[in-house]
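# Structure at a glance
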Amino acid sequence: MLTPIDLRSDTVTRPTAAMRAAMSSAEVGDDQYGEDPSTNRLQARVAEMLGKEAAVWLPSGTMANQVALRTLTRPGDEVVASRESHAAWHEVGGAAANAGVQIHEIGRGGIFTGEELRAATKPRNFAIFPMTTLVQVENTHNRAGGVVVPQPEVLRICAVARELGLATFLDGARLWNASAASGLPLDTLAQPFDLVAVAFSKGLGAPGGSMLAGSKELIATADRHRRRLGGAMRQNGIFSAAALHALDNHMAHLPEDHAHARVFAERLLAGAPVQLDLATVQTNIVVFHLPASLALDASALSALARERGVLVNAFGPRTVRAVTHLDVSLQQCERAADVLIALLAM
Ligand SMILES: *Cc1c(COP(=O)(O)O)cnc(C)c1O
């Protein structure tokens, strides 16, 4: 059986031999005592890359988001986020279950404006409204197709937030991709936010881990919430060594992933009657829609593609997502597009 071309997610990458070597020789200690040298090194490095005072390790991006909410809100609060944000769609209702907050989704295409935030923020002096206390930006935006949120709008959003007394959180699981695509440094993208989350397990190709970065004070609070949720680990250096290796060796590969996504998208669009806005193909994610005129819906297409060795995600009844990453070549992306084109011509 041929190895499938797996475009379901950039999380499916396996550690390379060099990454495994870095993991096996990692210096480790008990991270709950702050004695894991590799994790301490990674935390200091990521804090510096993001231009923040401190950073703390978390086992997953989902937990990073939960901890951010608990750090910056109180139960009963309202959080403003982009429509179809990861926090609202992909975290099993964790915002409500773990932080007791409700999410108000605004904007379109993964983006909202500072003025839309102002309109969505509920006045504090009205007794029946929830308190709007946090705005969250997802950059790049997954369900919108990996789009980069324009930094001028980010600055307007965060200026409105400060004016209205809201805290600011950047879900930057794929901030590395946003930086590679926009050419803006990571610390520029992170600067306007109180807390920033990044992930090592997506495009960087490490087996796990995320980090929250912010002021020393906020990170100390985040660390308490992390421990309370059971997210503090022990000889975590095995994971941190993989993340350090990824920062050294895999960051430079991201523009290639983006180019591969572009080739896949253009080839698919040229060969099949799918709805695909090429303007959304800015990074490593391609989200496209199957018009009602096509016989196949998203789950039928993904099932048939699987039989032909191509894995994609049915993201909605007629919406499909493909993601490029370290473990797929240009040729494999071209072949995957051709398989989908052939299926859609049936
Ligand atoms: C993947 C992702 C997360 C969650 O990360 P996990 O490590 O899978 O829990 C959070 N936010 C965004 C935008 C993501 O893409």
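Please read all numbers here as calculations on a predicted model, not as lab measurements. (Residues numbered from 1 in each chain as written. Predicted model: local features only at pLDDT ≥ 70, side-chain atom pairs only at ≥ 80, totals over all residues. Heavy atoms only, no water.)

### Digging into the environment of Arg267
Along the polypeptide, Arg267 turns up in helix α12 (residues 254-271). On the basis of relative accessible area, Arg267 is assigned to the partly exposed category, the value being 33%. In this structure, the C-alpha to C-alpha distance between Arg267 and Arg335, residues 68 residues apart in sequence, is 9.8 Å. Excluding residues within four positions of it along the chain, Arg267 makes contact with Glu334, Ala337, Asp338 and Ile341. Side chain to side chain, Arg267 and Asp338 meet in a polar contact 2.9 Å long. (Helix = DSSP H or I, 4+ residues; strand = E, 2+ residues; numbered from the N terminus. Buried < 20%, exposed > 50% of the residue type's maximum accessible area, 1.4 Å probe, protein only. Contact = heavy atoms within 4.5 Å. Polar contact = N/O pair within 3.5 Å; in protein donor to acceptor, adjacent residues only side chain to side chain.)

### Observations regarding the site of the ligand
The full set of residues close to the ligand is Ser60, Gly61, Thr62, Asn65, His86, Glu91, Glu138, Asp171, Ala173, Arg174 and Lys202. Between the ligand and Arg174, the relevant distance is 2.9 Å, taken from an oxygen atom to a side-chain nitrogen or oxygen of the residue. In the complex, the protein chains occlude 85% of the 380 Å² of accessible area that the ligand would expose alone. For the shell around the ligand, the element with the highest residue contribution is helix α3 (residues 61-72), accounting for 3 residues. Broken down by class, the residue content of the shell around the ligand amounts to 1 nonpolar, 5 polar and 5 charged. (Near = heavy atom within 4 Å. Areas by Shrake-Rupley, 256 points an atom, 1.4 Å probe, with all protein chains shown as cover. Nonpolar A, V, L, I, M, F, W, Y, C, P; charged D, E, K, R; others polar.)

### Here we look at the pairing of strand β6 (residues 167-172)
Counting buried positions along β6 yields 6 of 6 residues, so the element is predominantly enclosed. Alternating positions in β6 separate into two faces, Ala167, Phe169 and Asp171 on one and Thr168, Leu170 and Gly172 on the other, with burial throughout. Note that strand β5 (residues 132-138) and β6 share 5 bridges and pair parallel. Bridging across to β6, Leu134 finds its partner in Ala167. The pairing of β6 with strand β7 (residues 195-199) spans 4 bridges and is classified as parallel. Each bridged residue has a counterpart across the sheet, and for Leu170 the counterpart in β7 is Val196. (Pairing = 2+ DSSP bridges.)

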